Amino acid sequence: MGAALDRVMAALNERGLAVRNRHGYFMAQCPAHEDVEPSLSIRGVAGKVLLKCFPGCKTVDVAAALDLPLSALFDEEADRGKLARPVVIAEYEYTDEHGQLLFVQERRFPKDFRPKRPNGVGGWDYDLKGVRRVLYRLPAVLAAVAEGRTVWVCEGEKDVAAIERAGEVATCNPGGCGMGWHPSYGDVLKGADVVIVADRDNKGREHARRVLADLEGKAKSVVLVEAAEGKDATDHFAAGHTINDFQPFGEPTNSGAPQEAGPLEDWDDPIPLGALVELPAFPVDVFPGYIAATVRGVAAEVQVSEDLPGSLALAALSTAAGGRAEVLVRGQWREPLNVQTATAMPPGAGKSPAFRMMIAPVYAAEKALQELVREKIKIKEKERRQAIARAEEARRKAKSPDEIDTAVDAARMAEELEVPISPRLTADDVTPETAASILAEQGGRLAILSAEGTYLEVVLGRYSNKPNLELLLKGHAGDRLQVDRRGREEFVERPALTIGLCIQPQLLQDVAASKQMHGRGALARFLFSIPPDLVGHRNVYDPPLVAEDVLRSYTDTVKALIVTLSEWTDPAIIRLSPGALKAHTAWRAEIEPRLQRGTGDLESLREWASKLAGHTVRLAGLLHLAEHPQDGTRKDISADTMGRAITLARYYVAHAMAAFGVMRAHPLLEHARTVLAWIGNRDGFRLRDVHRGLQRRFSGAEEVAATLALLEDHGYVRRIDAASTGGRKPVVYAVNPKGR
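Cut-offs and rules
- Residues numbered from 1 in each chain as written.
- Predicted model: local features only at pLDDT ≥ 70, side-chain atom pairs only at ≥ 80, totals over all residues.
- Heavy atoms only, no water.
- Helix = DSSP H or I, 4+ residues; strand = E, 2+ residues; numbered from the N terminus.
- Buried < 20%, exposed > 50% of the residue type's maximum accessible area, 1.4 Å probe, protein only.
- Axes fitted to C-alpha atoms, helices over the stretch in contact; angles between N-to-C directions.
- Parallel < 35°, antiparallel > 145°, perpendicular 65-115°, else oblique.
- Contact = heavy atoms within 4.5 Å.
- Arc of directions from axis to C-beta.
- Phe/Tyr/Trp six-rings, centres within 6.5 Å; stacked < 30°, edge-to-face > 60°.
- Lys NZ or Arg CZ within 6 Å of the ring centre and 35° of its normal.
- Left-handed = near helix turned anticlockwise from the far one by under 90°.
- Nonpolar A, V, L, I, M, F, W, Y, C, P; charged D, E, K, R; others polar.
- Pairing = 2+ DSSP bridges.
- Core = buried A, V, L, I, M, F, W, Y, C linked by side-chain atoms within 4.5 Å.

Q: So what exactly am I meant to see when it comes to unusual backbone geometry here?
A: Trans peptide bonds make up most of the peptide bonds, and negative phi angles are found at most residues other than glycine. With a phi angle near 60 degrees, Arg137 is a residue other than glycine that sits in the positive phi range. Take Arg137: it is sitting in the loop between β8 (124-125) and α3 (138-147). Residue class for Arg137 comes out partly exposed when judged on its relative accessible area of 33%. Although it is not a glycine, Gln303 adopts a positive phi angle of roughly 65 degrees. Tracing the backbone shows Gln303 in the loop between α9 (289-302) and α10 (307-321). Assessed through its relative accessible area of 18%, Gln303 is described here as buried.

Q: I tried to follow the packing of α10 against helix α18 (residues 548-565) on my own but got confused; where do I start?
A: Two quantities define a packed helix pair, namely the angle between the helix axes and the distance between the axes. The geometry of α10 relative to α18 is characterised by a closest axis approach of 8 Å and an angle of 25 degrees between their N-to-C directions. As the angle between them shows, α10 and α18 are arranged roughly parallel. On α18, the residues that touch Ala313, Ala316, Leu317, Ala320 and Ala321 of α10 are Tyr554, Val558, Leu561, Ile562 and Leu565.

Q: Explain α3 here, please?
A: Structural remark: α-helix, 3.6 residues per turn; residues separated by three or four positions point the same way. Buried within α3 we find Leu138, Val141 and Ala144. Looking down the long axis of α3, one finds its buried residues gathered within 125 degrees of arc, a one-sided arrangement. Among the exposed residues of α3, those pointing more than 90 degrees away from its buried face are Ala146 and Glu147. Within two residues after α3, Gly148 carries a phi angle of roughly 80 degrees, on the positive side.

Q: Is there a simple way to think about the environment of Val339 in this case?
A: Residue position: Val339 is located in the loop between β15 (333-336) and β16 (340-344). A C-alpha to C-alpha distance of 7.8 Å links Val339 and Leu314, two positions 25 residues apart in sequence. Beyond its immediate stretch of four places on either side in the chain, Val339 contacts Leu314, Ser318, Leu497, Thr498, Ile499, Leu527, Arg618 and Leu622.

Q: What am I meant to see in the packing of aromatic side chains here?
A: Both the distance between ring centres and the angle between the ring planes are used here to describe each pair of aromatic rings. Scanning the entire structure with this criterion turns up twelve aromatic pairs. With 5.0 Å between their ring centres and 70 degrees between their planes, Phe282 and Tyr651 make a pair best called edge-to-face. Taken together, the residues Phe282 in the loop between β13 (247-248) and α9 and Tyr651 in helix α22 (residues 639-663) connect sequence positions 369 residues apart. For Tyr651, a relative accessible area of 2% gives the class buried. A network of ring pairs unites the aromatic residues Tyr92, Tyr94, Phe103 and Tyr136 as a single cluster. Sitting above the plane of the Tyr126 ring, Arg114 keeps its charged end 3.8 Å from the centroid. Over the ring of Trp678 we find Arg682; its NZ or CZ atom is 3.8 Å from the centre of that ring.

Q: How do you make sense of the packing of α9 against α10 when you look at a structure like this?
A: Axis separation between α9 and α10 bottoms out at 9 Å; the angle between their running directions is 135 degrees. By the angle between their directions, the pair α9 and α10 is classed as oblique. In the crossing of α9 with α10, the sense of the turn from one axis to the other is right-handed. Here Ile291, Val295, Val298 and Ala299 of α9 lie close against α10, whose contacting residues are Pro309, Gly310, Ala313 and Leu317. Among the residues forming the contact of α9 with α10, the class breakdown is seven nonpolar, one polar and no charged.

Q: How should the sheet that holds strand β9 (residues 151-153) be read in this particular structure?
A: Note: strands within a sheet are paired through backbone hydrogen bonds, in either parallel or antiparallel orientation. Taken in spatial order, the five strands line up as β10-β9-β11-β12-β13 in an open sheet, and their pairing is mixed. Every interior strand has two partners, whereas the edge strands, β10 (169-171) and β13, have only one. Across three bridges, the pairing between β9 and strand β11 (residues 193-198) is parallel. Within β11, the residue paired with Val151 across the bridge is Val194. Across the sheet, α3 touches β9 and β10, and the angle it forms with β10 is around 130 degrees.

Q: Explain the nonpolar core to me, please; I cannot follow it from the model alone.
A: In terms of nonpolar packing, the biggest core is built from 115 residues, with Phe287, Ile291, Ile448, Tyr455, Trp608 and Tyr652 touching the most fellow members. For this core, the leading source of residues is α22, giving twelve residues. Those residues within four positions of Tyr455 in sequence are excluded, and the remaining contacts are Asp428, Val430, Pro432, Ala435, Ile448, Leu471, Leu497 and Ile499. Within the second largest apolar cluster, 26 residues are counted, among which are Val8, Leu12, Phe26 and Ala65.

Shape is all these values report; function is a separate question.
Here you go:
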């Protein structure tokens, strides 16, 4: 074995993890998640170790769980950094003068940039062929020039954000010094006061000189500056400097990075904790106006992000269409229109009031449907009681065998008289068995809607310690379901189960701990959403109230849609227009290579992402019916609607990555993020400073030390030697300035 493989094997053995030799490679229990049967593949190939956790743990998390830096996976120093597949950590949108999207610049880890442009059918082409190149934040730049405000020109988008946080207008050209400055960029800045912030390296300074040369004779004035500390504008502000502290180009800097930390060049870019990135906001504009206005209004009034009411709107639409309509994709491929959503939010975040407003039309429709049959039920129940009474009277008076047989037959027929079932659309805290019985009673359709995650807890075995996934799985796929009801077996041919839950983030990890939820694909059915936590940042004084007419329009329209579709016993078939089919096919073509083992960015989500094409069709069907509530079953789904469904699907892809990341998260990950927030702009600190500053977070110094070890493995901090002050030698850490 090579040195790297020796290190990995030793770390596994130290932790008592089972390792099995498979003749050419090894299988071991994965240290990054609770693993009973070995699921971690270990191969020594060409001087390096390849780690593959089949449930989906990332290589960086496996290495961290073994207390190994990524460099330990290579025999030779020169091979460092080649292991990790790039992860998108930020996206920067470039628009034209009117705010119309032209292209997006992806920032990836390890540090890399990749442009992409909309391909017109809901997907992306990863090139800029035929696309107009413009300055970043072009509308804001044009407005600043017109108003006579100073425009700051930086090398990259991250520095633009830093300047903007200081209250100024900033821009950069796409690709920075790598793609170069085009004279058309300078034309935008004619007559403007410009400050150019040069990166403090040879390429950065040369790029700044090119920008300066182009602006001479165009701009009203140009000043060339550098950061007072560090390499760029981001480092400058991270070191505590202000917008007025930039130094003239070429002058010596202040003391730079803290002495303990060493020069900036000594630090590598840190590895993102759990690859956590800022998640995209819910694309509210995919909805028709009456729903979009309600989502925004509810979010503003309750002070929650739009993700929650947006996902609940989908659950309400699914309650209307689930089991009542299907989309014919092609051939025999049909997709039912029920979805299963789970929105993860902490306690006290406003789930219940948002839930009440968004699900109100469902309850209103349920009440209206019950009122429609209430009198009919009374009449049929009375007829049944009278028939039973007549049969009993006939049996008492019967004397001959024939009369007795006739009376018995009459009693049997009376018992079998059908009384209409009171319509029921929803259930909440029910067992899977009870839910299956209700679903069968209601013609194969049911919605589990709740402001809590109780149903998932029950499915996981809260009462029986034995998960029951049958209804969840078959109710999503529409597969034949066997139900025991009233002492006899019944079959539901195409069950349709809608789920719309608000769950606490901890439940994601509880769900992940269930082998059955993973092994049988239950998690792959859910559309997960992880909204930002607004608690502590909400407007408690005068949040705007949702307009009554907006809420009334939403409630009345969705209620009417539910009542109208309830009349369909056999599902209505909705077709895709040629344009919609073309857009969906292009989306499938984009997804497919992303599922490839070893190269696809969705490889770790294969089970979930394999259902993404079907989920997208379902979303398109729901958006179509929302847009055409009166005649949607008679219209084809348009290409525009499919494009909006694809936009929504992209949102759920990003949130699924985050949700599954939470499920597989290192147990100290949240502690590590808290410590990073506490570090802020500090250059260094002592272990006991962390313990004192965050004493309510940690159980003791050992937990603090373990958290700092995780941050050190990810490259955010570095333990350094500290001089003794006469007592116990303090534990001191330097901070990576590139991690701020």
